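Close look at the chain arrangement
Spelled out, the chains give:
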Amino acid sequence: MKNCAIVGINWGDEGKGRMVDLLTENYDVVVRFQGGGNAGHTVINEKGKFALHLLPSGIFRDGVVNILGNGVAMDPENLWKEVSEVVAQGVSITPENLKISDRASLLLPWHRELDELEEQRLADKKYGSTKQGIAPFYSDKYQKKTILAGELFYEEELLAHLADLMEWKNLTLTKVYGARPYTMDMLKAWLKDACEKIKPFVCDTGAFLANANKEGKSILFEAQLGSLRDLDYGIYPYTTSSNTMAAYAPIGSGFPGAKISDVVGVVKAYSTCVGEGPFVCEMFGDEAEELRKAGFEYGAKTGRPRRVGPLDIIATSYGIEVQAATEIALTKLDVLSYMDKIPVCVAYELDGKRIDRFPFPIAQNRCKPIIEYFDGWKTDISGARTWEDLPKQAQDYVLYVEKTIGCPITYVSVGPERESIIVRK
Ligand code: GDP
């Protein structure tokens, strides 16, 4: 069977959750391979409306096994909270349909606190962190100063390891930030209240995936955020602290030899960006407010109003290139129905010259968007289920985008519900 990755092409919030929810029907296993509880997927299906942060979006499908891979920032407290909420809405979550890699590093109690303390220190130079501890977590992981989930099964060694890490981390907390130190009692309480709850789900997911592959099962890799937030390829330093690329999926999943034949890139019919950093196509004033309201563009995790703009061909083409996307899902086309004219950012102007290539992050601060307008359709398209149901202007917009980004648009989403989709293949 073919393996597939679903990735964001832009700044995140493209609607990946709804696409994974839709496509899981064709896959046996869904794996989250990077990131943590710092962003959210919104999924609406026959079971209700859910805001997922860490849980893979395949959790709603019977028979699908969901995996949190070794590349994920495994936050036991937040995961358990999320599991409890989803279970309370009637979804069954057991060690049969949710498995946590024993090689996933645990987000430790001080990571969230350090995130907050550092954003406070930075004041008006802050990165716009969601304060979920992701940046301190990944820094510590690469310094080899975290705990692997599998260590929960080795209590004696675990306590000694935690004591060492605590001694080291208390130096930073107290001497750099003037914060209170952690004690072993606090860490023992965290082990009991959060880690014990997730322990039954922890196993050798690498072995599970290798076996699933041998048995011909198909795997869907689910990314968080988008290309432009990738640590190496995004708008550094306004990126996340992990790799959001399809190319990272094998490494972060626990199945480094995985072959991925399909990469579905999710692109929103307009642009949004949460937090700080360059965003060349940004709209302001009433025009922005109208689009924000129409698309309900407020962060799933933080409730922050998202910055908005027209579809950015430059950023999108770059995002597709770095993801090596083989097809595109264009989401939220219905949101543009109120517009008389649909703006599109077709190029940037840098120091008086037109450029067609996504520039180096710092240079983006000097760029201006070059906007062209397309005819609007001014009619509700949320009931469209086939290509022919779309008005000609909406078809022309999709065809224009497809041609300029050079990648087939195989899905057009016209609403948040599972069935609000036009499949073009
Ligand atoms: P993700 O992190 O990429 O999954 O994106 P988010 O969940 O943060 O944002 C997508 C939002 O748009 C969610 O509230 C979805 O329910 C909603 N959504 C997804 N696709 C569509 C669509 O085609 N039309 C509309 N109106 N909303 C959509």
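Residues numbered from 1 in each chain as written. Predicted model: local features only at pLDDT ≥ 70, side-chain atom pairs only at ≥ 80, totals over all residues. Heavy atoms only, no water.

1. What to know about the domain arrangement of the protein chain
What the domain assignment reports for the protein chain is domain 1 (3-103 + 203-264), domain 2 (105-198) and domain 3 (267-423). On a C-alpha basis, the centroid separation for the pair domain 2 and domain 3 is 38 Å. (Domains from an automatic or database assignment.)

2. With respect to the packing of aromatic side chains
One pair of aromatic rings is described through two measures. These are the centre distance and the angle between the planes. Scanning all chains against the criterion turns up ten aromatic pairs. On the basis of an interplanar angle of 80° and a centroid distance of 4.8 Å, the ring pair of Trp11 and Phe279 is categorised as edge-to-face. Placement of Trp11 in the loop between strand S1 (4-8) and helix H1 (16-23) and of Phe279 in the loop between strand S12 (270-273) and helix H9 (285-294) is noted, with a sequence separation of 268 residues between them. Arranged with centres 6.1 Å apart and planes meeting at 50°, the rings of Trp377 and Tyr397 form a pair that is tilted. Taken together, the residues span a long stretch of sequence, with Trp377 in the loop between strand S17 (367-375) and helix H12 (392-405) and Tyr397 in helix H12 at a distance of 20 residues. A relative accessible area of 6% places Trp377 in the buried class. Taking relative accessible area as the criterion, Tyr397 reaches 1% and is therefore assigned buried. Cation over ring: Arg180 sits above Tyr182, and NZ or CZ is 5.0 Å from the ring centre. (Phe/Tyr/Trp six-rings, centres within 6.5 Å; stacked < 30°, edge-to-face > 60°. Helix = DSSP H or I, 4+ residues; strand = E, 2+ residues; numbered from the N terminus. Buried < 20%, exposed > 50% of the residue type's maximum accessible area, 1.4 Å probe, protein only. Lys NZ or Arg CZ within 6 Å of the ring centre and 35° of its normal.)

3. Some points on the sheet that holds strand S14 (residues 327-331)
Across a sheet, strands are paired by hydrogen bonds formed along the backbone, either parallel or antiparallel in direction. If you walk across this open sheet you meet the ten strands as S9-S6-S5-S2-S10-S1-S11-S14-S18-S19, and the pairing is mixed. Strand pairing shows two members of the sheet lacking a second neighbour, strand S9 (202-203) and strand S19 (421-423), which therefore form its edges. In terms of strand pairing, strand S2 (residues 29-32) meets strand S10 (residues 219-226) through four bridges, oriented parallel. Note on S10: the bridge partner recorded for Arg32 is Glu222. (Pairing = 2+ DSSP bridges.)

4. Brief notes about the site of the ligand
Close contacts around the ligand come from 17 residues, with Lys16, Gly17, Thr42, Asp334 and Ser413 the closest. The contact in question runs from an oxygen atom of the ligand to an N or O atom on the backbone of Lys16, over 2.7 Å. The separation between an oxygen atom of the ligand and a polar main-chain atom of Thr42 is 2.7 Å. Judged by the fraction of its atoms near the pocket grid, the ligand is located in the second largest pocket. The set of elements that each furnish at least two residues to the shell around the ligand consists of H1 and strand S3 (41-45). Looking at the shell around the ligand element by element, the count peaks at three residues for H1. In terms of residue class, the shell around the ligand is built from three nonpolar, seven polar and seven charged. (Near = heavy atom within 4 Å. Polar contact = N/O pair within 3.5 Å; in protein donor to acceptor, adjacent residues only side chain to side chain. 1 Å grid on protein atoms, 1.4 Å probe; cavity = no way out; pocket = protein on both sides within 12 Å on 5 of 7 lines; lining within 4 Å. Sits in = over half its atoms within 2 Å of the grid points. Nonpolar A, V, L, I, M, F, W, Y, C, P; charged D, E, K, R; others polar.)

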